[in-house]
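These are the residues of each chain, in order.
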Amino acid sequence: MKYLYYVYQLFVGLPLVVLSTIATGIIVTIGCTVGDGHFWGYYPGRWWGRFILKALLLPVKVEGREHLEKEQSYVFVANHQGSFDIFLIYGYLKRNFKWMMKQQLRQMPVVGYASEKSHQIFVDKRGPKKIKATYDKARETLQGGTSLTVFPEGARTFTGHMGRFRKGAFALADELQLPVVPLTINGSFDVLPRQRGFGFISWHPLRLTIHQPIYPVGQGSENVEATLNQAYDSVMSSLEPAYQGFVENPDQ
């Protein structure tokens, strides 16, 4: 069955992924150029994420969507198990948001340019001015009523376990007094471990757990630290037992 799935990927899944990615990039670019960037910067990506997971026959389960209020902006923070985290969150969170993503992703063909046109937030660490500009844009996004999704580990895991959470997203939520929503991703590492690069994927169910929002209690460094620790514990609590526990990530 494994090899039959490999054949399916090669002749059906991969062509569908490539074509849908190119088409989505073009649609987002044109839509954001001539129309409403709030719509075109999110919905094509949502449809793209769902389509790719369905095309690759990967089952998805979502838990906890009832915890989210309709008109509320959130800072979503998720563990980073692998590349398929993007498709899972984009396709199944059902929340209009912007990504905070690595500056290097700007160089990806089609996807990088579409991300720029749709005003996703590239984390640029090339000096204090660039870092400030990154957080100014994130602040503007949240103040405008759109949510933000961040991988606070800053890098994909090598083991399936969680590394450390960085404070940036939590400091931003504290400054604007916005709730933080932890997200736990399971299965993405099993589908495509980081070490495998862009090889064949393995069939494995994916699960997205949306935890209860963490509302600010006060403001300042104590609230930032408390929110970070609570979010980390929430994400960890829903990980599969095989990936429970902290493991140092050398890429952080």
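These notes cover the structure that comes with them. (Residues numbered from 1 in each chain as written. Predicted model: local features only at pLDDT ≥ 70, side-chain atom pairs only at ≥ 80, totals over all residues. Heavy atoms only, no water.)

Relative to each other, helix H1 (residues 2–34) and helix H3 (residues 43–55) sit at 180°, their axes nearing to 10 Å. In terms of axis orientation, H1 runs roughly antiparallel to H3. Contact residues: Tyr8, Gly13, Leu16, Val17, Ser20, Thr21, Thr24, Ile27 and Val28 in H1; Pro44, Gly45, Trp48, Phe51, Ile52 and Ala55 in H3. Its residues placed into classes, the contact of H1 with H3 shows 10 nonpolar, 5 polar and no charged. (Axes fitted to C-alpha atoms, helices over the stretch in contact; angles between N-to-C directions. Helix = DSSP H or I, 4+ residues; strand = E, 2+ residues; numbered from the N terminus. Parallel < 35°, antiparallel > 145°, perpendicular 65-115°, else oblique. Contact = heavy atoms within 4.5 Å. Nonpolar A, V, L, I, M, F, W, Y, C, P; charged D, E, K, R; others polar.)

The topology assignment puts Gly37 in helix H2 (residues 37–40). Not counting chain neighbours up to four residues away, the residues in contact with Gly37 comprise Cys32 and Lys98.

Under the defined criterion, the tally for this structure stands at 1 cavity of 30 Å³ or more. Size it by volume and the largest cavity reaches roughly 40 Å³. Around the largest cavity, the lining residues are Phe170, Ala173, Asp174, Leu178, Val180, Ile214, Pro216, Asn223 and Thr227. In terms of residue class, the lining of the largest cavity is made up of 6 nonpolar, 2 polar and 1 charged. (1 Å grid on protein atoms, 1.4 Å probe; cavity = no way out; pocket = protein on both sides within 12 Å on 5 of 7 lines; lining within 4 Å. Points joined across faces, edges and corners; volume = space filled by probe spheres on them.)

Purely geometric stuff here, so don't read any function into it on its own.
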